[in-house]
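Survey of secondary and tertiary structure
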Protein chains: 2
Amino acid sequence: MYRTHTCGELTGKSVGKNVILCGWVQRSRDLGGMTFIDLRDRYGITQLVFNMETNATLCKQARKLGREFVIQAEGTVAERSNKNLKIPTGKIEIIVNRIEILNASEIPPFTIENETDGGDELRMKYRYLDLRRNIVKEALELRHKMTQEVRNYLSSKKFIEVETPMLIKSTPEGARDFLVPSRLNAGQFYALPQSPQTFKQLLMIACYDRYFQIVKCFRDEDFRADRQPEFTQIDCEMAFVEQEDVLNAFEGLVKDLLLKIKGVEFDGPFPRLSYNEAVEKYGNDKPDIRFGMIIRELSDLVKGKGFNVFDSVEYIGGICAEGCAEYSRKQMDALTDFVKKPQIGAKGLVYVKYNTDGTCKSSVDKFYSEVELKKWAALLEAKPGDLLLVLAGDKNETLNALGELRLEIRNILNLISKEIYAPLWILDFPLLEWDEETKRYYAKHHPFTSPKSEDIDLLDKDPVAVRANAYDMVINGIEVGGGSIRIHDRQLQQKMFNILGFTQEEAEKQFGFLMNAFRYGAPPHGGIAFGFDRLVALFAGHDSIRDVIAFPKNNSGRDVMIDTPATISDGHLKELSLQVVHQKK
Amino acid sequence: MYRTHTCGELTGKSVGKNVILCGWVQRSRDLGGMTFIDLRDRYGITQLVFNMETNATLCKQARKLGREFVIQAEGTVAERSNKNLKIPTGKIEIIVNRIEILNASEIPPFTIENETDGGDELRMKYRYLDLRRNIVKEALELRHKMTQEVRNYLSSKKFIEVETPMLIKSTPEGARDFLVPSRLNAGQFYALPQSPQTFKQLLMIACYDRYFQIVKCFRDEDFRADRQPEFTQIDCEMAFVEQEDVLNAFEGLVKDLLLKIKGVEFDGPFPRLSYNEAVEKYGNDKPDIRFGMIIRELSDLVKGKGFNVFDSVEYIGGICAEGCAEYSRKQMDALTDFVKKPQIGAKGLVYVKYNTDGTCKSSVDKFYSEVELKKWAALLEAKPGDLLLVLAGDKNETLNALGELRLEIRNILNLISKEIYAPLWILDFPLLEWDEETKRYYAKHHPFTSPKSEDIDLLDKDPVAVRANAYDMVINGIEVGGGSIRIHDRQLQQKMFNILGFTQEEAEKQFGFLMNAFRYGAPPHGGIAFGFDRLVALFAGHDSIRDVIAFPKNNSGRDVMIDTPATISDGHLKELSLQVVHQKK
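None of these values were measured; they are calculated from a predicted model.

A residue-level look at chain A finds 99% of positions with pLDDT of 70 or above and a mean pLDDT of 95. Interface confidence for the predicted complex, expressed as ipTM, amounts to 0.95; the pTM equals 0.96.

Next comes the structure, spelled out in structure tokens:
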């Protein structure tokens, strides 16, 4: 037996006990004739004491221990004179009578502290050391807790966890699949799942009624910030449900998590916004509603006054930045630069300073009288002291830019707290999007999403006007989950495939098994999938999902610790009947 | 809302209630003026009643419903005159006043019953229908329950669940990896994990102390009966532990599962056998100890009596088949044929019938007197009426054949019950095996397994004599789990790689990250992994792991339902910088 206790459990009650602890040397201090060592393990820190007077040999031995040495220490629990009330073990220390070095350590490449001197790349290369830092460990402990709570909650609601296969079939629809060559079937490939979508639908057809799984999914994307080639979903599906049933069920899950994990009680149902309403009020379909600053259209108010910029565009809209009327030239320039960034894409920024003395000062004074500007202010619900920010252009692009500007102002004014959780549902998504480049429709959600029954007639006449029985859950501006009621009718599914440009043959090859399953009594069903990494990051107060993944990949999809992907032997390639062909770029 | 209740919850207490149910038509019976329909969902079966006299239109409608139609039915709960006490809902029926067909069904290709008329292949092709059968559903429900219990138990013991990556690095050691080509790193590959072995060791080095995960693992093997290319492990690791700590921890887990899932209380510690003892007594390292029939060596007793077959071999051993002295010629021939099968490999079978009248009759009467044969009987603890079965040859092969024969007799005599669970630990495995073909040592467990400290000296002198700190848990003749104390010392690990024939460079390339991690304070650690599919099959009383996997692959690694692996488009291949090269066989 290596230890009698962990480094996190001894308290005042244990004084006088003989104990054995194991852990890592966090810190060592020599104070006159005494040496103090903070011994750390997963559970906490306990102070070890060595006394030069009573045991010089042992004390000298202790002084040789370096940071991150792994040791075993035996001794007696004693009350500390200099108590540390910040940690549970801060009232005691161990008067050590024996130590053993279980393993030495070289000096770690960065300090094992919350505020470390190690850069991102270094910490990723030595992720096993990075994981020792409290802040990382706490995130993974939170993830563990959330995982168990999700499973226990859903199990208590009669959801059954079913493992769906990882080696499945490639589908050309949606993002790119990762492929897995089959050695025993030369020239053939499995694909890793982007989600267990079709399998969970089959489980509903198979009568499993309520399914869930916390499951790894894979997407071979060109890497963007905060995307991982492998990520984790809470994947769920229910049979004999309408949209309302699904919303209620998973509102329940998230409320349970907020309460059990964060101690936050959420009264009443989550707010709901239609997709159109969200875009018009917040400039996007994942609004952060922890603060107002709602976008309003000014077109009727501002057009026809001789200002050509406004007269010539589709849409003019604005927001009100509270208390910013006194922004300096420099601050205004920064905002203008922000909206002109390529990813925001506005041509320029019109402002109205609604001064505290009641006067208005704007960048378009030439065209609009103070009376007119005050009408803008009234529409945007501005008070004296506020700043109106107005953008103009194509409707969708301008709304998007206003949405980004709104978030920028949120950040500048520090309007929100990470400890506040503002969930809502976005509903009534469009079913289809038209892609001008490939001249075809794409499913906004996926090809299995059911159109609203009242819009089915529009499928032929005006496909992009069809609304879907699809929904997203958004918390604090982050899309944490999304789902839909699925098609369960063979004819309708066939029609969707047609609209999406599948030939009958392609549909049969890719999804024949599902179309076949619809022949044998498919119940109405629908579900949702949560991005679990994002949900954990949100609860942990971290901005990046990398902070809540034990062994993440970098932005090029590389694990720099184990150094993968990597080349493989020619023999292995040959077994797979494959040859690498380096293309000219 | 589709339904007010499920088909499994209405009882006598609900009589008089108006309810709406949804489900599948399991069976329909017309009895005179009445029609009865068994409506089935995941939760049970409820009887629907239609009366020609009171509602002829509805009754006619009901008579048109085919098997597996999905319907919604509204009506009033009534007490049944003809009660079915075998099911919880058997006391009531629903007097239906409205039905709606939610989806029709073609006639299913096999009957949805426990005893179905569908063959294996047909059921796999329509797995979503096969999954509707009670016997399959119950296995998956059991799997769900076991999954939750494993997680809750381990969480309560402070194990933390950490997700390790699926896209890792290929290692040439052990079985073949499945590979995943990286599009963004042309010519490079990820590998799917055969187990999270190195990651869980890194988690121990990272101070996580107690880790677990129920995780998919992958092995690209030439398919054998009851192997799946993807399978599920309960993967666990602990730091600051000796072998005894690990055995105790996971004996606890299995006892908890036996109690909570099967209601079986197991008193006292699990029996333990050394590897050598297991092989000598049971002919293999995964003995079924639900029954005795222990193998004993007869060499000393039988050699030197002029029987050349026995005199010329390394080993002679036997077992006692209780009560089989009166086996007919035909039965004896069957046993002889059994041991001569290529996979058993014995040259012949010697028997002694110890008759109920106390006389002995044997196939080697010419060489051994009755007095001598009775000595054999005494050694094998036979009573009058028993049959002694004796094999001779090389020691290991003969023990193996005797082990197989022992299991065959078990099956013939129906000696065991599936409801009895007889777990034990096998300890002291050899660390290394010598492979004559490739002229090198292989790790019996894996290259990270620690040798017993008292055997470390033998590493240079006599490598195959070195025993490992490795252990398997066996239940009813099935190896359900195995693990070891790991090496945590850099030098020792280096030495192991040397013995296994890795060059320094290869070791660095494959496992450099682990060797590096050992530099920074690696604690002593060890763990175990359970084959979860096997464990569930064992608890479910199924012989094949396929019966407890929702969507299994067949013996060629193919999912015949979704028809994968499959060819992919040239475009996709090109993106991966790959070309298929069909080799001549």
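That shown, we press on.
In this section: a negative patch on the surface. All names here are of chain A. Together, Glu297, Asp300, Glu314, Asp394 and Glu397 give the surface a local cluster of negative charge. With respect to the helices and strands, Glu397 occurs in helix α12 (residues 395–413). Under the relative-accessibility criterion, Glu397 is labelled exposed at 53%.

Okay, the interface of chain A and chain B next. Taken together, the contacts link 128 residues of chain A with 128 residues of chain B. Around 11,500 Å² of area is buried between chain A and chain B when both sides are counted, 58% of it from carbon and sulfur atoms. Of all residues in chain A, A:Glu163, A:Phe240 and A:Tyr520 bury the most surface against chain B, accounting for 7% of the area lost on that side. Its salt-bridge partner being B:Arg183, residue A:Asp222 comes within 3.0 Å of it at the nearest N-O pair. At the boundary of chain A with chain B, the tally comes to 73 residue pairs in polar contact (both at pLDDT 80 or more).

On domain assignment, one finds that chain A holds domain 1 (12–103), domain 2 (134–265 + 529–574), domain 3 (291–413) and domain 4 (429–470 + 487–520). Measuring from the centre of the C-alpha atoms in domain 1 of chain A to the corresponding centre in domain 4 of chain A gives 67 Å.

Least-squares fitting of chain A to chain B yields an RMSD of 0.1 Å, with the superposition described by an axial translation of 0.0 Å and a rotation of 180 degrees. The transformation just described matches what one would write down for a two-fold rotation axis. The residues that chain A uses at the interface reappear at the interface of chain B in 100% of cases, marking a shared surface.

Let us now look at the packing of helix α4 (residues 134–156) of chain A against helix α4 (residues 134–156) of chain B. Remark: α4(A) packs on α4(B), axes separated minimally by 11 Å, with the N-to-C direction vectors making an angle of 140 degrees. When the axes of α4(A) and α4(B) are compared, the pair comes out oblique. Here α4(A) runs over α4(B); the crossing is left-handed. Only B:His144, B:Gln148, B:Arg151, B:Asn152 and B:Ser155 of α4(B) make contact with α4(A), whose side of the interface consists of A:His144, A:Gln148, A:Arg151, A:Asn152 and A:Ser155.

So, on to the packing of helix α5 (residues 197–205) of chain A against helix α15 (residues 504–517) of chain A. Residue and element names in this part refer to chain A. The N-to-C vectors of α5 and α15 enclose an angle of 15 degrees; their axes lie 10 Å apart at closest approach. Classified by the interaxial angle, the pair formed by α5 and α15 is roughly parallel. Like other packed secondary-structure pairs, α5 and α15 cross with a definite hand, here left-handed. Where α5 abuts α15, its residues Thr198, Gln201, Leu202 and Ile205 lie against Phe511, Phe513, Leu514 and Ala517.

To continue, consider unusual backbone geometry. Across the chain, the bulk of peptide bonds are trans and the bulk of non-glycine residues have phi less than zero. The peptide bond linking A:Thr564 to A:Pro565 adopts the cis configuration, its omega dihedral lying at 5 degrees. In the Ramachandran plot, B:Asp209 falls in the positive-phi region, its phi being about 70 degrees despite a non-glycine side chain. You can see B:Asp209 is positioned in the loop between α5 (197–205) and β9 (210–218). The buried category is assigned to B:Asp209, whose relative accessible area is 2%. The phi dihedral of B:Glu381 falls on the positive side, at around 55 degrees, and the residue is not glycine. Since its relative accessible area comes to 57%, B:Glu381 is described here as exposed.

So, on to the sheet that holds strand β14 (residues 350–354) of chain B. All names here are of chain B. Ordered in space as β12-β13-β16-β14-β15, the five strands form an open sheet in which the pairing is antiparallel. A single partner strand is all that each edge strand has here, and the edge strands are β12 (296–297) and β15 (360–362). One ladder, built from seven bridges, connects strand β13 (residues 315–321) with strand β16 (residues 387–393); its direction is antiparallel. Residue pairing for β16: Gly318 is matched across the bridge by Val390. Against the sheet, helix α10 (residues 329–340) touches β14 and β16, its axis set at about 25 degrees to β16. Along the sheet, helix α12 (residues 395–413) makes contact with β13 and β16, crossing β13 at roughly 10 degrees.

Our focus in this paragraph is the nonpolar core. With 90 residues, the main nonpolar core has A:Leu202, A:Tyr208, A:Leu335, A:Leu387, A:Leu389, A:Leu405 and B:Tyr128 as its most contacted residues. When residues no more than four places from it in sequence are discounted, the contact partners of B:Tyr128 are A:Leu202, A:Ile205, A:Ala206, A:Phe513, A:Asn516, A:Ala517, A:Tyr520 and B:Met561. In terms of nonpolar packing, the next biggest core, distinct from the first, is built from 89 residues, A:Tyr2, B:Ala239, B:Ile487 and B:Phe497 among them.

Calculation criteria
Residues numbered from 1 in each chain as written. Chains lettered and ligands numbered in written order. Predicted model: local features only at pLDDT ≥ 70, side-chain atom pairs only at ≥ 80, totals over all residues. Heavy atoms only, no water. pLDDT = per-residue confidence, 0-100. Patch = residues over 30% accessible without salt bridge, like charges linked within 9 Å, V, L, I, M, F, W, Y side chains within 5 Å. Areas by Shrake-Rupley, 256 points an atom, 1.4 Å probe, with all protein chains shown as cover. Salt bridge = Lys/Arg side-chain N within 4 Å of Asp/Glu carboxyl O. Lys, Arg positive; Asp, Glu negative; His and termini not counted. Charge placed at Lys NZ, Arg CZ, Asp CG, Glu CD. Helix = DSSP H or I, 4+ residues; strand = E, 2+ residues; numbered from the N terminus. Buried < 20%, exposed > 50% of the residue type's maximum accessible area, 1.4 Å probe, protein only. Contact = heavy atoms within 4.5 Å. Buried area = accessible area lost by both parts, 1.4 Å probe. Polar contact = N/O pair within 3.5 Å; in protein donor to acceptor, adjacent residues only side chain to side chain. Domains from an automatic or database assignment. Least-squares fit on C-alpha atoms with pLDDT ≥ 70 in both. Axes fitted to C-alpha atoms, helices over the stretch in contact; angles between N-to-C directions. Parallel < 35°, antiparallel > 145°, perpendicular 65-115°, else oblique. Left-handed = near helix turned anticlockwise from the far one by under 90°. Pairing = 2+ DSSP bridges. Core = buried A, V, L, I, M, F, W, Y, C linked by side-chain atoms within 4.5 Å.

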